[in-house]
Each structure stands twice: as C-alpha cells, then as structure tokens.
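# Architecture and fold: a report
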Amino acid sequence: HGDLGDQHMKRDMLQRALEIFEKHYGREHLEVANSLTRLAWSHGDLGDQLTKQKLLQRALEIKEKHHLPGHTHVCPALPCPATPPHAAPHCAPVVVVVEVVEWT
C-alpha cells in the first residue's frame with residue numbers, strides 16, 4: 001500500500017502483521033523484531049519519529065538477544081546512517097574490499 005501512496009494503510013497493515021507475529025511467535029522472536037523494524041520505518045514515513053525510535057529500540061533489544069552487537073542482522077534495526085554517529089556506537093560501518101582477478 002505504501003508503494004501505492006497510502007502510507008496510513010501501510011502502517012495499519014504492518015501493525016496488524018506485528019500483532020499476528022507476536023501471537024504466533026511470541027514477543028521476543030526475530031520475526032517480531034523484523035516486523036517492528038518495518039512498522040517503525042512506516043511511522044517514520046508518516047513523520048512520527050518518536051514512535052519510530054521506540055519501535056526500533058524494541059527491535060534492537062530483541063535482535064541483540066539473538067545476535068552479538070554489531071552483527072549484520074542487528075544493524076538494520078538501527079536508525080538511518082544520516083542520524084548522528086553517537087546514536088549507534090556498537091554498529092560501526094563495514095568496509096568490504098573486493099579484489100578483481102582477471103582470468104587469462
């Protein structure tokens with residue numbers, strides 16, 4: 001729905017999905033954390049930054065219970081890189097170096 005321009009409907013559907021995941025998996029499951037992250041970004045798209053922050057914090061707490069801090073599955077729950085660096089001290093940027101080898 002968000003891609004069709006109805007951000008409120010998108011948020012409502014993501015909220016319903018979160019409720020279903022919590023009921024099915026339990027409140028501390030990784031699927032719940034993923035659902036929280038999607039719902040948080042939807043709130044952000046609607047300008048509700050406080051709710052976005054709260055939902056991302058809850059998702060982060062769940063993900064950190066299942067993964068070490070800084071793990072790539074933890075970082076997606078963090079705020080956008082455009083936020084101040086002190087907002088996510090344990091999730092440093094990752095640089096990947098790829099060597100190109102020419103086959104002859």
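Bear in mind that the values here come from a model prediction, so they are computed numbers and not experimental data.

## Observations regarding the overall build of the chain
What the chain contains, in helices and strands, is 3 helices and 0 strands. Per-residue burial for the chain yields a buried fraction of 27% across its 104 residues. Long-range pairs, those at least 24 residues apart, make up 43% of the contacts in the chain with a sequence separation of at least 6. About 7500 Å² of surface is accessible on the chain, with carbon and sulfur atoms providing 59% of the total.

## Topic: the confidence of the model for the chain
For the chain, per-residue confidence averages 76 on the pLDDT scale, and residues scoring 70 or more make up 60% of the total. At the level of individual helices and strands, the chain shows its lowest average pLDDT in helix α3 (residues 49–66), which scores 90, and its highest in helix α1 (residues 7–25), which scores 94. For the stretch residues 80–98, pLDDT sits under 50, and the model shows 11 contacts to residues farther than four places along the chain or on other chains.

## Observations regarding the pattern of salt bridges
This structure, assessed with the given rule, holds 6 salt bridges. For glutamate 22, the salt bridge is made with arginine 58, and the minimal N-O distance between the two is 2.7 Å. Residue glutamate 22 is located in helix α1, and its partner arginine 58 is located in helix α3; the two are separated by 36 residues in the primary sequence. Among the ionic contacts, a cluster of salt bridges with common partners joins Glu22, Arg27 and Arg58.

## Considerations on the packing of aromatic side chains
Applying the stated rule across the entire model yields 1 aromatic pair. Geometrically, the ring pair formed by phenylalanine 21 and tyrosine 25 is tilted, given 5.8 Å between the ring centres and 35° between the ring planes. Of this pair, phenylalanine 21 and tyrosine 25 both sit in helix α1, 4 residues apart, which is roughly one turn of the helix. According to the relative accessible area criterion, phenylalanine 21 is partly exposed, its value standing at 22%.

About the criteria used
Residues numbered from 1 in each chain as written. Predicted model: local features only at pLDDT ≥ 70, side-chain atom pairs only at ≥ 80, totals over all residues. Heavy atoms only, no water. Helix = DSSP H or I, 4+ residues; strand = E, 2+ residues; numbered from the N terminus. Buried < 20%, exposed > 50% of the residue type's maximum accessible area, 1.4 Å probe, protein only. Contact = heavy atoms within 4.5 Å. Areas by Shrake-Rupley, 256 points an atom, 1.4 Å probe, with all protein chains shown as cover. pLDDT = per-residue confidence, 0-100. Salt bridge = Lys/Arg side-chain N within 4 Å of Asp/Glu carboxyl O. Phe/Tyr/Trp six-rings, centres within 6.5 Å; stacked < 30°, edge-to-face > 60°.

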